[in-house]
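Single-letter residue listing:
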Amino acid sequence: MNFASIEFAIFLCVTVFLYYTFLRRYQWQLLLVASFVFYAFSGWVNVVFISVTTLTVYAAGLLIQRIPKAAENRARRKRVMVICLLINFAMLAVMKYANFAILNVNSLLGLDFTLPNFILPMAMSFYTFQTMGYIIDVHRGKEAERSLPRFALFATFFPQLVQGPISRHSDLAATLYNKHKYCADNFTNGLSRILIGLFKKMVIADRLIPVIRELTGGGVIIADGTAAIDGALYTGSFVLLSVFLYAITIFCDFTGGIDITIGIAKTLGITLKENFDRPFYSRGIAEYWRRWHITMGSWFRDYCFYPMSSSKIMFKFGKFARRVFGDRFGKRLPIYINTMILWFLTGLWHGASWNFIMWGLANGFAIIIEQEITPLFSKFNKRFDTQSKAAFRAWQIFRTFWIMNFIRAFDIYPSVGATFRAFGSIFTNFGAGRFSLAAVGLFMPDIIMLSAAVATLIVIGAVANRRKKEATSFARVVFCASIGFAILIFGAYGFGYDVNQFIYNQF
């Protein structure tokens, strides 16, 4: 079920109604049933996969909990965790990466080996990462969940199932299993968040997706993972337009989905972690990634980067690097390697494609370069007192925005080669004289409407960030009615009032 569909609206209304009326004594049990019903709409076979993950992680958590924490039992506890990780990451690897791996082996060795065309179960990457974080936390000493139904709800909670946020058990459990009385403030706050998400998705993102398809010849993400012909029709100045519009599209699509998720949870009295913190206001790439997809970044940091950095292998390599390359470079080399491994894994998590791998490596490389030149910039900033100048801060934001746009171009062109050719055409065939928005389906009414919609989001964000007290109930009702009306009038609908699926749903 698409969050922006009529079917989901009916499903949600029925769930919330029962939650606060007839089944208010069994609220978390109702959410468990609703979560499995929601997931069953993606296919009953997919329910098998999420059930296997739920059962194996639950059992492993209890088993680790029962093994005493004494030093002599450390290996046994770790063995249980590793087996659980291998089982679940193996399922994810087969379903998500087997076709990609076989395709590359065939291409490299000239073979014609085939496997069944595996279809990735909905949200498998998200629920696998969430439950694997849980089992690692239990191994590190956190309390395991003793109730199977309660753990199953943590693993399958339907609002965050599609695209996150990736929750920690200790955070989500604080409100997930509690009894919640109906609260008008929670309900209207949640509803307004849902409507803002739908506004981002239907009024902005879905209106721009056909334009980006036209500009990029299909694209990797935009065409739901299917590559179009190698080589887009639009080059030069159109490439700049593509990456600019895609930045708006992915932001509105992804943050819109997260707004809906957090809003649904809020109407139920449940608190989810924020996943974005105004990333387009970032003044550096590392800062950008602290503000974008926050829960994914913290997952990779806590469960990959820190363990790799503190491992015995990396400690020995660090000593070797300092001995061979000297303290200055040898001390940083392990950090560089860990950073590149981390971003390789992040790219691979986003999709089984060389585009995503290149996207990840480009981010890692950019962060390393930024770290290296930061001392120079610090001296420059101190010498000329740039940080007190609004114009310089605006330049930093502008620079970061466009660096991330060009890295993100690997998302939207059909292949790595097509992406580099698109970059090259900016310098060899800019073609500013033939640039036309109408050529890609953006006419003046669309431009005015999109500009007004983006301006509305900027104003809403600025007001929300500066507001020191909660809005009145009347103000929230008026706001919800206004946004709802705008969605109905200006929303982009497909055949039968259908709405495009969220981009991150495919992960």
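Participant: When you look at the overall build of the protein chain in this model, what are you seeing that I'm missing?
Facilitator: When you go through the protein chain residue by residue, the secondary structure sums to 19 helices and zero strands. What you see for the protein chain is a C-alpha radius of gyration of 24 Å, in line with the 23 Å of a compact globule of 507 residues. Along the first, second and third principal axes, the C-alpha set of the protein chain runs to 70 × 70 × 60 Å. Put simply, the protein chain has 507 residues, and 50% of those count as buried. In the protein chain, the share of contacts with a sequence separation of at least 24, taken over all contacts with a separation of at least 6, comes to 77%. Of the roughly 24900 Å² of accessible surface on the protein chain, a fraction of 68% belongs to carbon and sulfur atoms.

Participant: Teacher, can you tell me more about the packing of helix α14 (residues 333-350) against helix α15 (residues 354-384) here?
Facilitator: The relative placement of two packed helices is expressed as an angle between their axes plus a distance between the axes. The geometry of α14 relative to α15 is characterised by a closest axis approach of 7 Å and an angle of 150° between their N-to-C directions. Classed by the angle they form, the pair α14 and α15 counts as roughly antiparallel. α15 is crossed by α14, and the crossing has right-handed handedness. Taken together, the residues of α15 that come into contact with α14 (itself represented by Y336, T339, M340, W343, F344, T346, G347, L348 and H350) are F356, I357, W359, G360, L361, N363, G364, F365, I367, I368 and E372. Along the lines of polarity and charge, the residues of the contact of α14 with α15 split into 12 nonpolar, seven polar and one charged.

Participant: Just to check I follow, could you spell out the environment of V211 for this structure?
Facilitator: Inspection of the secondary structure puts V211 in helix α8 (residues 184-216). Taking the C-alpha atoms as reference points, V211 and V440, 229 residues apart in sequence, are found 5.9 Å from one another. Setting aside residues no more than four positions away along its own chain, V211 makes contact with L245, V440 and L442.

Participant: Looking at this structure, I do not really get the packing of aromatic side chains. What am I missing?
Facilitator: Remark: the centre distance and the inter-plane angle together describe each pair of aromatic rings, the angle taken between the planes. Enumeration according to the criterion identifies 54 aromatic pairs in this entry. Seen in terms of ring centroids, Y58 and F151 are 6.2 Å apart; in terms of plane orientation they differ by 35°. Their pairing is tilted. Placement of the pair is Y58 in helix α3 (residues 44-66) and F151 in helix α6 (residues 148-156), with a sequence separation of 93 residues. Across the pair, F151 and Y58 agree in class, each one buried. A ring pair is formed by F244 and F401, whose centres lie 6.1 Å apart and whose planes are at 75°; its orientation type is edge-to-face. Here F401 lies in helix α16 (residues 390-408) and F244 lies in helix α9 (residues 237-267), a separation of 157 residues in the sequence. The side chain of K96 reaches across the aromatic face of W349, ending 5.4 Å from its centre.

Participant: Looking at this model, I keep getting lost on unusual backbone geometry. Mind explaining?
Facilitator: A negative phi angle is the norm for most residues apart from glycine, just as the trans form is the norm for most peptide bonds. Omega for the bond connecting G164 with P165 falls within 30 degrees of zero, at 5°, which places this linkage in the cis form. Position of P165 among the secondary structure elements: in the loop between α6 and α7 (169-176). Positive phi, normally seen in glycine, also occurs at H293, with a value near 45°. Tracing the backbone through its elements, the reader meets H293 in the loop between α10 (285-291) and α11 (294-309).

Participant: Just checking my understanding: could you explain a positive patch on the surface for this structure?
Facilitator: The grouping of K78, K312, K316, K319, R322, R323 and K331 at the surface amounts to a positive patch. The element best represented in the positive patch is helix α12 (residues 312-325), accounting for five residues. Inspection of the secondary structure puts K312 in helix α12.

Parameters and conventions
Residues numbered from 1 in each chain as written. Predicted model: local features only at pLDDT ≥ 70, side-chain atom pairs only at ≥ 80, totals over all residues. Heavy atoms only, no water. Helix = DSSP H or I, 4+ residues; strand = E, 2+ residues; numbered from the N terminus. Rg over C-alpha atoms; globule rule 2.2 N^0.38 Å. Buried < 20%, exposed > 50% of the residue type's maximum accessible area, 1.4 Å probe, protein only. Contact = heavy atoms within 4.5 Å. Areas by Shrake-Rupley, 256 points an atom, 1.4 Å probe, with all protein chains shown as cover. Axes fitted to C-alpha atoms, helices over the stretch in contact; angles between N-to-C directions. Parallel < 35°, antiparallel > 145°, perpendicular 65-115°, else oblique. Left-handed = near helix turned anticlockwise from the far one by under 90°. Nonpolar A, V, L, I, M, F, W, Y, C, P; charged D, E, K, R; others polar. Phe/Tyr/Trp six-rings, centres within 6.5 Å; stacked < 30°, edge-to-face > 60°. Lys NZ or Arg CZ within 6 Å of the ring centre and 35° of its normal. Patch = residues over 30% accessible without salt bridge, like charges linked within 9 Å, V, L, I, M, F, W, Y side chains within 5 Å. Salt bridge = Lys/Arg side-chain N within 4 Å of Asp/Glu carboxyl O. Lys, Arg positive; Asp, Glu negative; His and termini not counted. Charge placed at Lys NZ, Arg CZ, Asp CG, Glu CD.

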